[in-house]
Amino acid sequence: MWGVMELTVDKQDITTEKRMLDMDNLLANAQIGALYLDKSFRIRRVTPLVTNLTGIEPEDVGKDLSELIFLEEYPDLQEDVEHCAAEQVEIEREISHEGRILLFRICPYLDGQGNADGVIIVLYDITGRRRKEEELRERTRKDSMTGLLNHTDRKSTRLNSSH
């Protein structure tokens, strides 16, 4: 049986640098990309996965997001970022980019007191997940023994062809 374990940590041991290292490790190991923007939409921080997926480099820190053209497939990114910041709402978009499917989650970045302090764009490469979903959909569409369409798909195919 699992019990609650109490851990006593000296707060002085947890430095800001250590917290940042913990966050870097979490993002890298969870395969999460994050692009941090300040209130003026200048790049504050970029993670390696964002660099791999978009080409935004750590050298781009300090540049305004609008100066960078990195995803022609997502022309409304700047507009979504501005809307997220103004309305304090989360926005999600799936974008196809270079054979991959990327999930963009644009969220308000809040400081320690809960005040808006910019925007964070979180990226997930969901290509593998989408392929598996399509594979499962295809498996359920066809009989595994005969390769023929299942009864419900034959019926919907007949209905669609009669229109």
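Above this text is the structure in question.
Keep in mind that what you see is a predicted model, and the values were worked out from it rather than measured.

(A) Local environment of the layout of surface pockets. By volume, the largest pocket amounts to about 240 Å³. Forming the boundary of the largest pocket are 11 residues, of which Met20, Met23, Tyr36, Arg45 and Tyr109 lie nearest the centre. Counting residues per element, the ones that place at least two in the lining of the largest pocket are α1 (16-29), β1 (33-37), β2 (43-46) and β5 (116-125). For the lining of the largest pocket, the element with the most residues is α1, which contributes four residues.

(B) Representation of the sheet that holds β2 within the structure. Reading across the sheet, the five strands line up as β2-β1-β5-β4-β3 and stay open at both edges, with antiparallel pairing between neighbours. Among the strands making up the open sheet, the edge pair consists of β2 and β3 (91-97). Neighbour-to-neighbour, the strand axes of the sheet open up by a mean angle of 20 degrees, direction not taken into account. In this sheet, β5 lies alongside strand β4 (residues 100-110) in antiparallel orientation, the contact comprising eight bridges. Within the sheet, the bridge partner assigned to Phe104 lies in β5 and is Leu123. Lying on the sheet, helix α3 (residues 77-87) is in contact with β1, β3, β4 and β5; it crosses β4 at an angle near 30 degrees.

(C) How the structure looks around the nonpolar core. One finds Leu35, Leu77, Val81, Phe104, Ile106 and Ile121 to be the most contacted residues of the largest nonpolar core, which totals 25 residues. Looking at this core, the elements that each hand over two or more residues are β1, β2, α2 (48-54), α3, β3, β4 and β5. Once residues lying within four places of it in the same chain are set aside, the contact partners of Ile121 are Gly33, Ala34, Leu35, Leu37, Leu77, Val81, Phe104, Arg105 and Ile106. Counting six residues, the second largest nonpolar core, distinct from the first, contains Ala34, Tyr36, Cys107 and Val122.

(D) Up close: the environment of Pro58. With respect to the helices and strands, the residue Pro58 is situated in the loop between α2 and α3. On the basis of relative accessibility, which here comes to 47%, the residue Pro58 falls in the partly exposed class. With 12 residues separating them in the primary sequence, Pro58 and Val46 have C-alpha atoms 6.0 Å apart. Once residues within four sequence positions are removed from consideration, Pro58 is found in contact with Val46 and Thr51.

(E) Representation of unusual backbone geometry in the model. At Phe41, a position not held by glycine, the phi torsion is positive, near 65 degrees. As for its position among the elements, Phe41 is in the loop between β1 and β2. A relative accessible area of 14% places Phe41 in the buried class. Its identity as a non-glycine residue notwithstanding, Gln88 has a phi of 55 degrees, on the positive side. Topologically, Gln88 is positioned in the loop between α3 and β3. Residue class for Gln88 comes out partly exposed when judged on its relative accessible area of 36%.

Thresholds applied
- Residues numbered from 1 in each chain as written.
- Predicted model: local features only at pLDDT ≥ 70, side-chain atom pairs only at ≥ 80, totals over all residues.
- Heavy atoms only, no water.
- 1 Å grid on protein atoms, 1.4 Å probe; cavity = no way out; pocket = protein on both sides within 12 Å on 5 of 7 lines; lining within 4 Å.
- Points joined across faces, edges and corners; volume = space filled by probe spheres on them.
- Helix = DSSP H or I, 4+ residues; strand = E, 2+ residues; numbered from the N terminus.
- Pairing = 2+ DSSP bridges.
- Axes fitted to C-alpha atoms, helices over the stretch in contact; angles between N-to-C directions.
- Contact = heavy atoms within 4.5 Å.
- Core = buried A, V, L, I, M, F, W, Y, C linked by side-chain atoms within 4.5 Å.
- Buried < 20%, exposed > 50% of the residue type's maximum accessible area, 1.4 Å probe, protein only.

Function cannot be inferred from these measures alone, as they are strictly geometric.
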